[in-house]
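Fold and contact review
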Amino acid sequence: MRASEFLLSTLKETPSDAEVISHQLMLRAGLIRRVAAGIYNWMPLGLRVLRKVEQIVREEMERAGALELSMPVVQPGELWQESGRWDLYGPELCRLEDRHQRPFCLGPTHEEVITQIARSEVKSYKQLPLNLFQIQTKFRDEIRPRFGVMRSREFIMKDAYSFHIDQACQEQTYWRMHEAYTTIFRRLGLDFRAVEADTGAIGGNHSHEFHVLATSGEDAIAFSTDSDYAANVELAPAIPGPQEEAGDPEPLLEKFATPDMTTIEDLAEQLGIPAQRSIKTLLAKDAQGDLVALVVRGDHRLNAVKAAKLPGMLSPLVLAEAAEVKQRLGAGFGSLGPVGLPLRVVVDRTAASMPDFVCGANEDGYHLRGAIWRRDVPDCEVADIREIVNGDPSPCGHGTLEIRRGIEVGHIFQLGTKYSEAMAATVLDEQGRSQPMVMGCYGIGVTRIVAAAIEQNHDSKGIIWPTAMAPFDVAIVPLGMDKSDAVRDATESLYAACEAAGWSVLMDDRPERPGVKFAEVELLGIPVRVTIGDRSLAEGHLEITLRRSGETDMVAPEKATEAIRALLANQ
RNA sequence: CGGGGCGUAGCGCAGUCUGGUAGCGCACCACACUGGGGGUGUGGUGGUCGCAGGUUCAAAUCCUGCCGUCCCGACCA
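To start, this report covers the structure provided alongside it. The structure displayed is predicted, hence computed values, not measured ones. Along every chain, residues carry numbers that run from 1 in the direction the sequence is written. Throughout, the order in which chains and ligands are written sets their labels, letters from A for the former and numbers from 1 for the latter. Where totals are concerned, whole chains, interfaces and linings use all residues; where local detail is concerned, this predicted model gives features only for residues with pLDDT of at least 70, and gives and counts side-chain atom pairs only at 80 or more. Hydrogens are left out, water is left out, and the side-chain values use all remaining heavy atoms of the structure.

1. A look at the sheet that holds strand β6 (residues 103-106)
Hydrogen bonds along the backbone pair up the strands of a sheet, which may run parallel or antiparallel. Strand pairing follows a simple DSSP-based rule, namely that at least 2 bridges must link the two strands. Each helix is a run of H or I in the DSSP string that is no shorter than four residues. Each strand is a run of E no shorter than two, and both are numbered from the N terminus. Judged by pairing direction, the sheet is antiparallel, and its three strands sit side by side in the order β4-β6-β5 without closing on themselves. This sheet does not close on itself; its edge strands, each paired only once, are β4 (74-76) and β5 (95-97). Within this sheet the neighbouring strands show an average axis-to-axis angle of 40 degrees, counted without direction. Two elements, β5 and β6, share three bridges in a ladder whose sense is antiparallel. Of the residues in β6, the one forming a bridge with R95 is C105. Note on geometry: axes are C-alpha line fits, over the in-contact stretch for helices, and angles between N-to-C directions span 0 to 180 degrees.

2. A few points about the sheet that holds strand β17 (residues 357-360)
Reading across the sheet, the three strands line up as β13-β18-β17 and stay open at both edges, with antiparallel pairing between neighbours. The open sheet has two edge strands, β13 (254-257) and β17, and neither has a second partner. Shown here is a sheet whose adjacent strand axes are inclined to one another by a mean of 30 degrees, direction ignored. Sheet topology note: the β13/strand β18 (residues 366-371) ladder contains four bridges and is antiparallel. Bridge assignment links K255 to a residue of β18, and that residue is L368.

3. Observations regarding the protein's contact with RNA strand B
RNA strand B sits among 43 residues. The nearest are R144, L302, R513, E522 and E543. Residues are classed as near a molecule or strand on a simple rule: at least one heavy atom within 4 Å of it. Restricting the count to atoms of RNA strand B within 4 Å of the protein gives a sugar and phosphate share of 45%. Between RNA strand B and L302 there is a distance of 2.3 Å, counted from a base nitrogen to a backbone nitrogen or oxygen. At a separation of 3.2 Å, a base oxygen of RNA strand B approaches a polar side-chain atom of R529. Broken down by element, the surface near RNA strand B gets its largest block of residues, seven residues, from helix α15 (residues 514-524). Polarity classes work like this: nonpolar for Ala, Val, Leu, Ile, Met, Phe, Trp, Tyr, Cys and Pro, charged for Asp, Glu, Lys and Arg, and polar for all others, with Gly in that last group. By residue class, the composition of the surface near RNA strand B is 18 nonpolar, nine polar and 16 charged. Think of a polar contact as two N or O atoms within 3.5 Å of one another; within protein, one of them needs to be a possible hydrogen donor and the other a possible acceptor, and neighboring residues in sequence only count if both atoms come from side chains.

Spatial relationships are all this shows, so hold off on functional conclusions.
Right, here's the structure in full:
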């Protein structure tokens, strides 16, 4: 590709409405342009990247035995009513009517359509298992689209759905997809982790999210320093440290005045009580609307996902209102404690291992010290309800947990028979009995991958593409091409040689100054740059510069393609 | 959905408080110089000042309504 024939729409300045680095760089490099909130054009340069990602995803899905198909973006409301999601999905589902006032929606996902396909095409267990995928535009009317294509309303997703006669077969495909995803992200050249995730409302034995690690990620994930264990922090079990020795003699329970102190920080700052020596008591509602006390150590946070899974609790977790607490218990939020509390009390395992503790006295302006679980709160339940923190022992038994941030780019889970039952997608088994098909579902955020890759791979000059995703493999930057026949000849012959070698090449044949060309190639993040100028040509070589390291090699023109091949293979 | 910010040329912004009929930098076009890191000069193109209504002799500026867009928040006691 000659730059003079391409649409390079780079910006020197950062658009003011872009906050995160990937969004800024995607706009500056001219990969995308905004059309409306959360809706973007993919410009020629950006589309090249997108297509590369899609192609790798497609190849690995096919290698793993999945078949590509294409389902519509516009879907009949009827199908969604059948699955029950027409009423459940909420305003994220963009609904519309056709000219006959029939309900339709823009597909935020395709379970309904795929299930309809399966029930009409698959009649026998002999046709199973079946794994179908598409790379398709989705629309989710997000409350708050943000971060460019990272959380946009219209986006491209690879979604695959598998159908099975039983759970065991589904598990096999599940792990095959796990492997395929691992290969995909490795081929893309991304630093990623597969992490155990919440199986959510649908259930199933497993669910894994694939995260690209980046400090700007929206999700927190925990992983072991010494093993492959990794989990979403929502899910990772919090293991108490070694049990502390009880004081001897046992401390006495003692009430003391704490005027205007209603937070753990107040106690720490004003009375010097370390947060690790106090506990905090939160109140949530159970399914009957009764209050339940949830207790964690002062320096820990409640994990709402874990707490919601306690027997009898509302899910998602609902915390109590201040007014109700005041009325029921006669004390404000900041003065609560488990001692003598006439409620069900659930204590986090780590808090329960404290030999004694400081807590609210259930009376405004007072706290208790010297409280001991066994003696003062004999009827409490103990459970894992806190958020893990850096340095917690790993649940796998090896090493400690480290928390890092990630961008979710893939998610695989087990659907069971939720949709096949709702939509009567059944097959006959070996005994001739009708069975709902067991389903799995596997998604990859294709457009999000592009942004995530930039979050992870950039510097002050711009994007640094992993080679597999780069819009061009090689940039040829001739200097003074219009003035020098030597430069022109060397450039044209290298261009032809690179094309012949099968690389995609951007040849900057524009009459721009060198600084402009260099800055642009660096902003675009093309992995290898070949600079051709009279100066170095006179000394018998071309300059080959790597985007990532900035290193430059001097190479004889006839050895150039060989050198480029080696560099591309190494990137 | 709640709170806040912003809307003036393709991009970044000033001008708004204190009303007088629109400006700067970048980009773009032409020419000249320059020619290995976003160069210099001269001359240009481009704007219903988000939209609608109101106040006024006069509105980018004041008032009202609407729209768009971005950010923050939506469990921590």
